[in-house]
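Close look at the chain arrangement
Here's the letter readout for the chains.
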Amino acid sequence: MILYIYSKDSGIYLYRDNGNVDGALYDMGDDKDFTLTPPPDYDQSWYWVDNKWTTDPAN
């Protein structure tokens, strides 16, 4: 399973983790969260806002 990790504060996409899910969740810490939905591409900065990816952090 692939987890897409983003910052809880800003929503900005940080990285993807396709390792052990339990280990990934343990390592995330309180300042990060995840979704199972990948960002549309990796050519720009994406933010997870209102349960969807957007390029507008203030959306």
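Residues numbered from 1 in each chain as written. Predicted model: local features only at pLDDT ≥ 70, side-chain atom pairs only at ≥ 80, totals over all residues. Heavy atoms only, no water.

Section: the overall build of the chain
What counts is decided by this rule: Only DSSP runs of H or I reaching four residues or more are called helices, and only runs of E reaching two or more are called strands; each is numbered from the N terminus. Atoms counted for the radius of gyration: C-alpha only. Globule rule: 2.2 Å times the number of residues to the power 0.38. The buried label goes to any residue with under 20% of its type's maximum accessible area, the exposed label to any with over 50%, and the partly exposed label to all in between, with areas taken from a 1.4 Å probe on protein chains only. All accessible areas in this document rest on Shrake-Rupley with a 1.4 Å probe, and a residue is counted as covered only by the protein chains that are shown.
Of the regular secondary structure elements, the chain holds one helix and five strands. The secondary structure elements of the chain, listed N-terminal to C-terminal, are β-β-α-β-β-β. Relative to a compact globule of 59 residues, whose C-alpha radius of gyration would be 10 Å, the chain shows 11 Å and is just as compact. The dimensions of the chain, computed from C-alpha atoms along their principal axes, are 30 × 20 × 15 Å. Across the 59 residues that make up the chain, the buried fraction comes to 29%. A total of about 4000 Å² of accessible surface is found on the chain, and carbon and sulfur atoms cover 45% of it.

Looking at the side chain of Thr35
The line we're drawing: Here a polar contact is taken to be a pair of N or O atoms separated by no more than 3.5 Å, where protein atoms must pair a possible hydrogen donor with a possible acceptor and residues adjacent in sequence count only if both atoms sit in side chains. By definition, residues are in contact when any of their heavy atoms lie within 4.5 Å.
Considering the arrangement of structural elements, one finds Thr35 in strand S3 (residues 32-35). In this structure the side chain of Thr35 is engaged in a polar contact, spanning 3.2 Å, whose partner is the backbone nitrogen of Thr37. Each residue touching Thr35, except ones within four places of it in the same chain, is listed here: Ile2, Leu3, Tyr4, Tyr6, Trp48 and Trp53.

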